[in-house]
Amino acid sequence: MNLEELKKIREKAQRDLQLRQKQARIRIVVGMGTSGIAAGAREVLKTFLEEIGRRGLTDVVVTQTGEKGLASREPIVEVYEENKPVIIYGNINSEKAKRIVVEHVVNGNPVTEFAIEAI
Amino acid sequence: MERDEIIKKFSPSLDNILFILHALQDNNPQNYLSKDDIRVCAEYLNVPYSYVHSVASFYTMFSLKPRGRNIIRLCDSPPCHLMGSGSLLEYLKESLNINVGETTEDGFFTLELTSCLGVCGVAPAMMINDEMFGNLTPEKVNAILDMRRKS
Amino acid sequence: MNLVRNHILISIDSSTIMAGARAVERAFVDELLNRGLQDEVSVLETGSLGLINRGVVLVVYPEGVIYADVTTKDVPEIVEEHILKGRFVERLVVKEMPKQHVIKREKTGLLKEQPRIVLRNSGIINPESIDEYIATGGYEAASKIINEMKPEEVIEEVKRSGLTGRGGAAFSTGMKWDFARRAKGDVKYIICNADEGEPGTFKDRLILEGDPHKLLEGMLIAGYAVGAQYGYIYIRGEYVLSIERLEKAIKDAEALGLLGENIFGSGFSYHVSIKKGAGAYVCGEETALIESLEGKRGHPRSKPPYPVTEGLWGKPTVINNVETLANIPEIMRNGASWFRGYGTEKCPGTKVYTIIGHVATPGLIEAEMGTTLRDIIFEYGGGIKNGKKFKCALVGGAAGAFLGPDMLDVNMDFVSLREYSAVLGSGAILVMDEDTNIVEMLKNVLHFFRHESCGHCVPCRLGTAQLVKIIDRVADSKGKREDIDKLLRISEVMRDTSFCPLGQSLYLPISSTLKYFRDEMLSMI
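Residues numbered from 1 in each chain as written. Chains lettered and ligands numbered in written order. Predicted model: local features only at pLDDT ≥ 70, side-chain atom pairs only at ≥ 80, totals over all residues.

### Some remarks on the overall build of chain A
Right, so step 1: Across its full length, chain A carries 4 helices and 5 strands.
Right, so step 2: Each helix and strand of chain A, ordered N terminal to C terminal, gives the series α-β-α-α-β-β-β-α-β.
Right, so step 3: C-alpha extents for chain A along the principal axes are approximately 50 × 30 × 25 Å.
Right, so step 4: Looking at chain A as a whole, 48% of its 119 residues are labelled buried. (Helix = DSSP H or I, 4+ residues; strand = E, 2+ residues; numbered from the N terminus. Buried ≥ 20, exposed ≤ 12 C-beta atoms within 10 Å, placed from the backbone.)

What follows is the structure, encoded as structure tokens:
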């Protein structure tokens with residue numbers, strides 16, 4: 001590994017990320033730090049994967065990230081869509097996740113009552 | 001797994017002693033370090049039995065007496081205390097019918113207290129084996145225990 | 001497998017329930033069941049749609065048509081016309097909708113803009129993907145340094161940045177590195193202290209779990225600057241997820257040649273491994289940590305010699321906290337003067353604070369050094385929970401001081417707090433409201449110290465036991481007046497004679513409790 005090679009890896013990683021974002025109409029990111037998991041994030045992540053799979057939505061990607069520092073709002077879920085504000089949902093559980101899939105992911109209407117911020 | 005197989009994953013160097021003890025304890029169905037566990041570790045690291053015993057007894061995550069299948073470790077640090085861990089402790093003692101440090105008759109649960117678990121933002125919190133639970137209430141604790149009993 | 005093609009969302013709020021929303025919901029379920037459509041059409045409850053006094057309100061997707069004033073009698077018609085034939089039931093359709101999708105902005109300030117240096121990636125990138133870290137410019141600083149800079153230049157830059165240890169001791173990081181670099185010896189070590197055990201602190205965990213490669217890059221730079229061949233990360237045994245993610249991170253970095261032999265073809269070799277603790281608060285003290293890492297009981301060593309000359313296995317050793325090391329890649333990437341643009345003259349940079357206890361929104365922020373306690377609690381933490389009054393905050397963990405309302409406007413940094421005989425410590429801020437029983441809190445703190453005293457030295461071993469006896473007595477309303485001063489006297493002796501900071505630091509919570517709450521304690525007598 002030298003500087004050139006690292007640069008190549010970075011460029012490829014950036015391209016891959018962009019490509020993945022383009023292929024995915026919607027990206028759902030679940031906060032999977034220990035606080036999130038302690039508040040039930042594993043169950044939420046599982047629900048998203050199940051609901052997305054059950055509907056055969058191939059243009060939706062579900063991924064994980066670490067903790068942001070919003071412990072009291074865990075589990076945290078963010079929904080990224082191109083050309084739209086990122087919606088941050090707080091205190092999500094399985095039931096709420098199902099509604100986010102139906103209303104936001106499938107039908108394009110953010111579930112305002114669960115949202116804590118739009119960036 | 002046999003003890004010999006487990007310890008062979010680590011090189012016989014003294015700085016691996018905590019790794020080895022963790023692995024032996026995790027492998028023991030009664031969740032503790034038996035005399036055999038300590039002896040195997042001592043022989044492998046080529047140190048006296050008493051040395052391994054003294055190290056094992058220093059650290060709170062190791063137990064020298066048999067424990068249940070599920071180790072409940074309720075956080076008792078100031079943040080969790082402030083958010084009500086005291087009443088949860090009473091609840092746990094009552095519903096499990098044991099005191100801190102004891103194991104239920106069916107061998108399912110051992111109740112322990114622990115120092116800060118580092119999830120103070122979702123206090124009060126507890127760990128069961130390797131799993132963390134936060135924002136606890138008596139109802140939630142009840143549901144978690146029920147799930148553990150079934151699994 | 002049938003795919004759901006329609007969703008019927010029934011608005012459930014106090015006014016629609018009164019109008020019979022539940023009955024309509026049941027009617028839909030029955031109607032769909034009768035027609036065998038239960039797998040294709042799902043019925044769900046939703047919150048208020050913002051229509052008031054319009055009876056039962058529902059929305060049918062994918063068209064997003066909103067119906068109001070729906071009764072059970074309308075249900076078969078909606079299913080027949082809309083769901084099966086795709087024709088809207090016009091007489092019930094709501095054409096003018098109130099403004100929708102206005103997101104209530106979170107009242108808390110936890111989402112307020114923060115200068116995030118060490119937490120730049122935590123909660124944003126996938127911590128299990130080295131590619132994502134590299135895509136954000138990760139390992140770029142390390143590669144430049146190892147290829148283009150001399151170790152001495154790196155140390156100079158870190159010194160110029162004014163970075164000090166974020167574990168609580170606040171010693172200059174650049175100086176520490178310099179001492180170890182100059183120390184005699186062929187073998188040198190870097191240890192990352194990830195034995196985060198100070199009650200109320202979880203800042204390091206966010207980095208370990210959320211951005212493990214940043215820590216590895218910081219350790220790599222430290223190793224190059226000091227001339228070390230080996231790095232160890234000592235993580236407390238309870239941090240299961242941190243250990244998992246770091247193990248993966250180390251493997252991925254080794255696979256790319258970012259750790260291991262001949263890094264970047266420079267001839268510099270550096271190996272990092274993890275050591276797992278087993279539950280001992282005292283091991284957060286650096287020499288006790290070294291003992292534990294060597295495979296012994298975690299008793300502190302006497303200093304001097306300091307670890308920079310005689311540390312792990314008697315070799316020169318740098319021990320840095322996780323947060324300290326996570327600052328390094330950013331400092332080296334952006335330069336010391338950039339870093340000095342944050343914080344105060346004497347304490348540059350940011351600090352990660354954990355805000356917990358009786359605040360509206362407990363959590364964690366990264367703010368500039370010198371932010372006031374008032375801003376941290378009221379701006380970021382959302383103020384006191386349930387509109388109660390602020391009583392005090394325990395700042396710096398269990399080994400910290402209780403600070404009352406008169407300290408709200410003091411700047412939170414290592415130097416300013418020292419002037420008030422307080423400490424910033426790990427940055428933990430435990431907030432208590434007016435109803436908090438201070439004797440119970442102090443009792444909890446003292447019990448904690450008795451449990452964690454390692455027993456190595458007499459003042460701490462016996463002192464903590466005596467303190468617990470006295471505070472238990474006072475909490476039981478069986479204490480005597482002189483007990484209050486006895487607490488203080490014992491802790492003074494412990495401060496002056498204990499072997500390590502564990503016993504020495506108890507004076508702080510006790511003296512500060514008495515400063516603010518002597519009367520409350522006396523009222524228990």
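### Quick word on the overall build of chain C
Right, so step 1: Helix and strand counts for chain C come out as 20 helices and 14 strands.
Right, so step 2: Along the three orthogonal principal directions, the C-alpha set of chain C runs to about 90 × 70 × 40 Å.
Right, so step 3: Across the 525 residues in chain C, those meeting the buried criterion constitute 54%.
Right, so step 4: Taking the intrachain contacts of chain C between residues at least 6 apart in sequence as the baseline, contacts between residues at least 24 apart amount to 70%. (Contact = placed C-beta atoms within 7 Å.)

### A few points about the interface of chain C and chain A
Right, so step 1: Each partner contributes residues to the interface: chain C has 48 residues there, and chain A has 38 residues.
Right, so step 2: Those elements that provide at least two residues to the side of chain C that touches chain A are strand 1 (6-11), strand 2 (41-46), helix 4 (130-135), helix 5 (140-148), helix 8 (203-210) and strand 11 (363-368) of chain C.

### Observations regarding the sheet that holds strand 1 (residues 70-75) of chain B
Residue and element names in this part refer to chain B.
Right, so step 1: What the 4 strands build is an open sheet, ordered 2-1-3-4; its pairing is mixed. Two strands bound the open sheet, and with one partner strand each, they are strand 2 (109-114) and strand 4 (131-133). Between one strand and the next, the sheet's axes are offset by a mean angle of 25 degrees, whatever the strand orientation.
Right, so step 2: With 3 bridges joining them, strand 1 and strand 3 (residues 126-128) adopt antiparallel strand pairing. For Arg73, the partnering residue across the bridge sits in strand 3 and is Met127.
Right, so step 3: Strands in contact with helix 6 (residues 85-96) are strand 1 and strand 2; relative to strand 1, the strand with the most contacts, it is inclined by about 155 degrees. (Pairing = 2+ DSSP bridges. Axes fitted to C-alpha atoms, helices over the stretch in contact; angles between N-to-C directions.)

### Structural notes on the sheet that holds strand 1 (residues 26-31) of chain A
Residues and elements named next belong to chain A.
Right, so step 1: Strand order in the open sheet formed by 5 strands is 2-1-3-4-5, and the pairing between neighbours is mixed. Looking at which strands have only one partner, the edges of the open sheet turn out to be strand 2 (60-65) and strand 5 (115-118). The average undirected angle you get between the axes of adjacent strands in this sheet is 20 degrees.
Right, so step 2: Sheet topology note: the strand 4 (residues 87-89)/strand 5 ladder contains 3 bridges and is antiparallel. Within the sheet, the bridge partner assigned to Ile87 lies in strand 5 and is Ala118.

### Quick notes on the environment of His451(C)
Residues and elements named next belong to chain C.
Right, so step 1: Within the secondary structure, His451 is located in helix 16 (residues 438-452).
Right, so step 2: His451 gets classed as partly exposed once you count the C-beta atoms within 10 Å, which come to 15.
Right, so step 3: In sequence terms His451 and Thr464 are 13 residues apart; their C-alpha atoms lie 8.5 Å from each other.

### Notes on the interface of chain A and chain B
Right, so step 1: With 8 residues of chain A at the interface, the matching set in chain B holds 8 residues.
Right, so step 2: Residues that form the side of chain A that touches chain B fall into these classes: 4 nonpolar, 3 polar and 1 charged. (Nonpolar A, V, L, I, M, F, W, Y, C, P; charged D, E, K, R; others polar.)

### Remarks on helix 12 (residues 322-334) of chain C
Residue and element names in this part refer to chain C.
Right, so step 1: Within helix 12, 11 of the 13 residues are buried, which leaves it mostly tucked inside the rest of the structure.
Right, so step 2: For helix 12, the set of buried residues is Val322, Glu323, Thr324, Leu325, Ala326, Asn327, Ile328, Pro329, Glu330, Ile331 and Met332.
Right, so step 3: At the C-terminal side of helix 12, Gly335 shows a positive phi close to 95 degrees.

### A look at the nonpolar core
Right, so step 1: The biggest cluster of nonpolar side chains holds 212 residues, and the ones touching the most others in it are Ala125(B), Ile221(C), Ile355(C) and Ala393(C).
Right, so step 2: It is helix 9 (residues 212-226) of chain C that contributes the most residues to this core, 9 residues altogether.
Right, so step 3: Beyond its immediate stretch of four places on either side in the chain, Ala393(C) contacts Leu373(C), Ile377(C), Leu403(C), Ile429(C), Leu430(C), Val431(C) and Met432(C).
Right, so step 4: Residues Ile10(C), Val59(C), Tyr61(C) and Tyr67(C) belong to the second largest nonpolar core, which totals 23 residues. (Core = buried A, V, L, I, M, F, W, Y, C linked by C-beta atoms within 7 Å.)

### So, the packing of helix 3 (residues 35-45) of chain B against helix 4 (residues 49-58) of chain B
Residues and elements named next belong to chain B.
Right, so step 1: Relative to each other, helix 3 and helix 4 sit at 115 degrees, their axes nearing to 8 Å. Crossing of helix 3 over helix 4 shows right-handed handedness. Within the contact between the two elements, helix 3 uses Ile38, Arg39, Cys41 and Ala42 and helix 4 uses Tyr49, Tyr51, Val52, His53 and Ala56. (Left-handed = near helix turned anticlockwise from the far one by under 90°.)

### Comments concerning the domain arrangement of chain C
Residue and element names in this part refer to chain C.
Right, so step 1: By the assigned domains, chain C splits into domain 1 (6-92), domain 2 (130-340), domain 3 (350-433) and domain 4 (438-522).
Right, so step 2: Inter-centroid distance (C-alpha atoms) of domain 2 to domain 3 is 27 Å.
Right, so step 3: Of the residues lining the interface, 12 residues belong to domain 2; the matching set on domain 3 comes to 14 residues.
Right, so step 4: Among the residues forming the side of domain 2 that touches domain 3, the class breakdown is 4 nonpolar, 5 polar and 3 charged. (Domains from an automatic or database assignment.)

### Describing helix 3 (residues 75-85) of chain C
All names here are of chain C.
Right, so step 1: Looking at helix 3, one finds that the buried residues are Val75, Ile78, Val79 and His82. Down the axis of helix 3, the sector holding all buried residues measures 110 degrees, keeping them to one side.
Right, so step 2: Among the structural elements, helix 2 (21-34), strand 3 (58-61) and strand 4 (65-67) are those in contact with the buried residues of helix 3.
Right, so step 3: Directly beyond the C-terminal end of helix 3, a positive phi value near 75 degrees is found at Gly86. (Arc of directions from axis to C-beta.)

### Regarding unusual backbone geometry
Right, so step 1: Omega for the peptide link from Glu74(A) to Pro75(A) comes to -10 degrees, which places this bond in the cis form.
Right, so step 2: Its place among the elements puts Pro75(A) in the loop between strand 2 and strand 3 (77-81).
Right, so step 3: Backbone torsion omega between Pro304(C) and Pro305(C) reads 5 degrees, so that peptide bond is classified as cis.
Right, so step 4: Within the element layout of this structure, Pro305(C) appears in the loop between helix 11 (286-293) and strand 9 (317-321).
Right, so step 5: Unusually for a residue other than glycine, Tyr139(C) sits at a positive phi of about 65 degrees.
Right, so step 6: As for its placement among the helices and strands, Tyr139(C) is situated in the loop between helix 4 and helix 5.
Right, so step 7: Tyr139(C) sits in the buried class, given 25 other C-beta atoms within 10 Å.

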